[in-house]
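Observations on chain architecture
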Amino acid sequence: MTTFKQIGVIGSGAMGRGIAQLFASAGVEVLLHDSRSEAIEQALMHNRESLERAAAKGKISADVLAVTLERMRAAHTLQELAGCDLLIEAIVENLDAKQKLFRELEQLVSRDAVLASNTSSLSITLIASACEHPQRVAGFHFFNPVTLMKIVEVVRGERTATQVIERLSALAQHAGHFAAVTPDSPGFLVNHAGRAYGPEALRILAEGIATPAQIDRILRDCLGFRMGPFELFDLVGLDISHAVMESIHDQFYQDPRYTPSSLVPARLAAGLLGRKTGQGFYRYEEGRVVEDARVELPPVAINQPFWLDCRDAAMRDKIGAVLSSAGAVLEQGEQPGSNAICLVTPLGEDASSAIARRQLPVARSLALETFAGFDRRRVLMRHPGLDANVLAQARQALGADGVPVEVINDSPGFIAQRVLASIVNLGCEIAQRRIVDPATLDRAVQLALGYPHGPLGFGDQYGAMNIQQILQALHDCYQEPRYRLSPWLRRRVQLGLPLTTAEESA
Ligand code: NAI
């Protein structure tokens with residue numbers, strides 16, 4: 001059983017009602033409060049309907065339904081929470097409002113009651129600084145929807161007592177949630193780790209490399225993400241996502257690693273917030289994306305041989321087979337023939353750099369992504385000097401087996417490589433800052449963000465040395481500290497260790 005006997009939840013909106021249902025289902029008495037009485041009733045009604053649905057589907061018994069509903073009650077005044085030994089705040093995201101509430105609660109509850117905040121962006125230490133006993137204050141950051149997202153960040157403010165963290169973690173585990181204990185660091189753990197996927201996609205968009213729909217398709221098919229970054233922006237709301245980006249960037253004193261996108265403010269001013277306004281990066285009608293009309297490309301004659309700059313024999317065979325199904329010939333010579341279409345397969349480099357380094361004929365050379373997702377979606381990268389008919393032949397030949405082909409503009413690391421490398425590098429930085437241990441980082445990111453791997457596991461899956469090469473190429477291309485290598489990554493590559501290798505704290 002849990003060490004808490006009665007939980008008071010303050011704020012009965014989307015998060016408060018979910019938290020109440022989670023703990024009532026786990027066997028704890030919960031009192032639900034809100035400054036608006038109707039919000040309490042709505043939350044109780046919402047939870048009743050949700051539990052009744054679960055009972056109708058046979059997920060819980062009628063007895064469990066009845067006792068769970070009995071455990072959730074309304075508290076119309078704050079005073080009714082006086083007997084609670086845990087108070088979880090889920091009110092409006094405003095520091096003054098939260099500090100005022102915590103001061104009032106301290107006057108009301110017993111000396112050893114724990115005060116927790118569900119804030120997603122405010123410093124727990126700052127909230128606690130308004131309290132007489134900051135050691136009893138911690139963050140308890142759930143994700144929406146609370147009962148389905150089986151993770152909570154248990155945030156240790158600078159003065160939080162260890163026992164408080166342990167009790168909250170035990171309670172979360174008892175309710176079936178993974179408790180990721182994190183320090184009071186900007187974005188805590190999950191919102192910090194999430195600052196690579198969307199922001200790097202916005203950077204790719206800002207450079208005119210590809211459209212939002214292309215970027216989404218490539219990241220879903222080539223790296224296995226369930227949702228593309230632009231679909232996600234539209235779902236969450238660009239206003240919400242941008243506020244998180246700005247807040248984390250500010251809290252890290254404008255570290256360029258976290259620079260938000262300058263594309264966003266105008267989109268916000270235009271009301272392009274996503275699903276909730278009917279238009280974001282996509283347009284919606286009755287909740288569904290309005291697809292752009294598909295443009296069918298006229299077939300072209302494939303009348304030039306191909307030459308491939310790729311030393312991986314298995315990949316050469318695969319590409320050769322696709323080309324041959326298109327009726328094209330793959331040359332085997334060390335140097336391309338005088339008429340050959342030259343395919344380079346860079347890791348990290350952009351097409352221009354790879355072509356210049358190999359001194360290949362500019363008009364007849366382009367880049368093909370072979371590092372990530374060749375079997376599900378092909379990505380060809382053009383450059384300003386490419387002949388249009390060469391591109392048309394390459395596009396047609398490389399899609400001859402039915403795998404869709406995307407054509408993007410020149411980019412160091414195509415799309416998948418650079419987004420992957422950015423996620424891994426940021427994960428390494430989080431590990432380097434000792435925000436959490438590698439196992440907690442990877443598990444939390446998978447649970448909270450739904451990534452197919454955690455950032456460090458992703459790096460090991462694709463090879464830490466490859467990730468380092470991609471980052472170095474990005475850094476060389478842009479000469480920006482945004483792409484600087486995390487020491488955690490560099491050291492593990494130097495020592496031949498997995499990125500998940502933990503390290504002692506000082
Ligand atoms: P919401 O707007 O759905 O609900 C907030 C509720 O708090 C409202 O019913 C409001 O009447 C009530 N309230 C406001 N000030 C109050 C006060 N002083 N005393 C009592 N009740 C008060 O908001 P939501 O989405 O549930 O968020 C609540 C908190 O959880 C915020 O701090 C938010 O940042 C955080 N959070 C939200 C997530 C989300 O996805 N919505 C995810 C994780 C954290």
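Residues numbered from 1 in each chain as written. Predicted model: local features only at pLDDT ≥ 70, side-chain atom pairs only at ≥ 80, totals over all residues. Heavy atoms only, no water.

**Describing the side chain of threonine 440**
Mapped onto the fold, threonine 440 is located in helix α17 (residues 438–449). Within the structure, threonine 440 has its side chain in polar contact with the side chain of aspartate 437 (distance 2.8 Å). Sequence-distant contacts of threonine 440, defined by excluding residues within four places in its chain, comprise Phe178, Ala180 and Leu189. (Helix = DSSP H or I, 4+ residues; strand = E, 2+ residues; numbered from the N terminus. Polar contact = N/O pair within 3.5 Å; in protein donor to acceptor, adjacent residues only side chain to side chain. Contact = heavy atoms within 4.5 Å.)

**Focus on the sheet that holds strand β13 (residues 365–368)**
Read from one edge to the other, the open sheet built from 5 strands follows the order β11-β12-β13-β14-β15, with strand pairing classed as mixed. The sheet terminates laterally at β11 (306–309) and β15 (405–408), the two strands that pair on one side only. This sheet shows a mean twist of 30° between the axes of neighbouring strands, independent of strand direction. Two elements, strand β12 (residues 341–344) and β13, share 3 bridges in a ladder whose sense is parallel. (Pairing = 2+ DSSP bridges. Axes fitted to C-alpha atoms, helices over the stretch in contact; angles between N-to-C directions.)

**Some words on helix α1 (residues 14–25)**
If you check α1, its first and last C-alpha atoms are 17 Å apart, about what 12 residues at 1.5 Å a residue would give, namely 16 Å. Among the 12 residues of α1, 9 are classified as buried, and the element is accordingly described as predominantly covered. Among the residues of α1, Met15, Gly16, Gly18, Ile19, Ala20, Gln21, Leu22, Phe23 and Ala24 are the ones counted as buried. Once α1 finishes, glycine 27 follows within two positions and takes phi at roughly 95°, a positive value. (Expected span 1.5 Å × (residues − 1). Buried < 20%, exposed > 50% of the residue type's maximum accessible area, 1.4 Å probe, protein only.)

**Looking at the site of the ligand**
The environment of the ligand is formed by 19 residues, the closest being Met15, Asp34, Glu93, Lys98 and Asn118. In this structure, an oxygen atom belonging to the ligand sits 2.5 Å away from a side-chain N or O atom of glutamate 93. A distance of 2.9 Å separates an oxygen atom of the ligand from a polar atom in the side chain of asparagine 118. Within the complex, the protein chains bury 71% of what would otherwise be the 830 Å² of accessible surface of the ligand. Each residue belonging to the shell around the ligand can be placed in one class, and the counts come to 8 nonpolar, 7 polar and 4 charged. (Near = heavy atom within 4 Å. Areas by Shrake-Rupley, 256 points an atom, 1.4 Å probe, with all protein chains shown as cover. Nonpolar A, V, L, I, M, F, W, Y, C, P; charged D, E, K, R; others polar.)

**Considerations on the UniProt feature "domain: 3-hydroxyacyl-CoA dehydrogenase NAD binding" (unreviewed entry) in the protein chain**
In the numbering used here, UniProt assigns the "domain: 3-hydroxyacyl-CoA dehydrogenase NAD binding" (unreviewed entry) feature to residues 6–179. Its end C-alpha atoms 20 Å apart, residues 6–179 is made of 43% helix and 20% strand. (UniProt positions renumbered as here; feature names shortened; annotations may be inferred.)

**A short note on the packing of aromatic side chains**
On inspection of all chains with the given rule, the structure shows 14 aromatic pairs. A ring pair is formed by phenylalanine 23 and phenylalanine 140, whose centres lie 6.1 Å apart and whose planes are at 10°; its orientation type is stacked. Here the residue phenylalanine 23 occupies a position in helix α1, and phenylalanine 140 occupies one in strand β6 (residues 137–142), the gap between them amounting to 117 residues. On the basis of relative accessibility, which here comes to 0%, the residue phenylalanine 140 falls in the buried class. Here phenylalanine 252 and tyrosine 258 contribute two aromatic rings whose centre-to-centre distance is 4.7 Å and whose plane-to-plane angle is 15°, an arrangement assigned as stacked. On the basis of relative accessibility, which here comes to 12%, the residue phenylalanine 252 falls in the buried class. An aromatic cluster is defined as three or more aromatic residues linked by ring pairs; in this entry it consists of Tyr197, Phe225, Phe371, Tyr451, Phe458 and Tyr462. Above the ring of tyrosine 478, the side-chain terminus of arginine 203 is found at 4.5 Å from the ring centroid. A cation sits over an aromatic face here: arginine 378 above phenylalanine 374, 4.1 Å from the ring centre. (Phe/Tyr/Trp six-rings, centres within 6.5 Å; stacked < 30°, edge-to-face > 60°. Lys NZ or Arg CZ within 6 Å of the ring centre and 35° of its normal.)

**A word on the environment of glutamine 479**
Residue placement: glutamine 479 occurs in the loop between α19 (464–478) and α20 (487–495). Residue classification places glutamine 479 among the exposed residues on the basis of a relative accessible area of 64%. In sequence terms glutamine 479 and aspartate 96 are 383 residues apart; their C-alpha atoms lie 41 Å from each other.

**What about the UniProt feature "domain: 3-hydroxyacyl-CoA dehydrogenase C-terminal" (unreviewed entry) in the protein chain?**
The positions that UniProt labels "domain: 3-hydroxyacyl-CoA dehydrogenase C-terminal" (unreviewed entry) are, in the present scheme, residues 187–284 and 413–496. Secondary structure across residues 187–284 comprises 55% helix and 1% strand; the distance between its end C-alpha atoms is 30 Å. End C-alpha atoms of residues 413–496 are separated by 23 Å, and the span's content is 73% helix alongside 0% strand.

**A closer look at the nonpolar core**
Core analysis: the biggest nonpolar cluster contains 80 residues, and Ile215, Phe230, Ile408 and Ile415 have the highest contact counts within it. Looking at this core element by element, the count peaks at 10 residues for helix α16 (residues 416–432). Once you skip the residues sitting within four places of it in the chain, phenylalanine 230 turns out to touch Ala201, Leu202, Leu205, Pro212, Ile215, Asp216, Phe281 and Tyr282. Formed by 38 residues, the second largest nonpolar core is a distinct cluster that contains Leu44, Ile88, Val152 and Ile165. (Core = buried A, V, L, I, M, F, W, Y, C linked by side-chain atoms within 4.5 Å.)

**Quick look at unusual backbone geometry**
Asparagine 144 connects to proline 145 through a cis peptide bond whose omega is -5°. Assignment of secondary structure puts proline 145 in the loop between β6 and β7 (151–156). Even without a glycine there, the phi angle at phenylalanine 188 is positive, about 50°. Note that phenylalanine 188 resides in the loop between β8 (178–183) and α7 (190–193).

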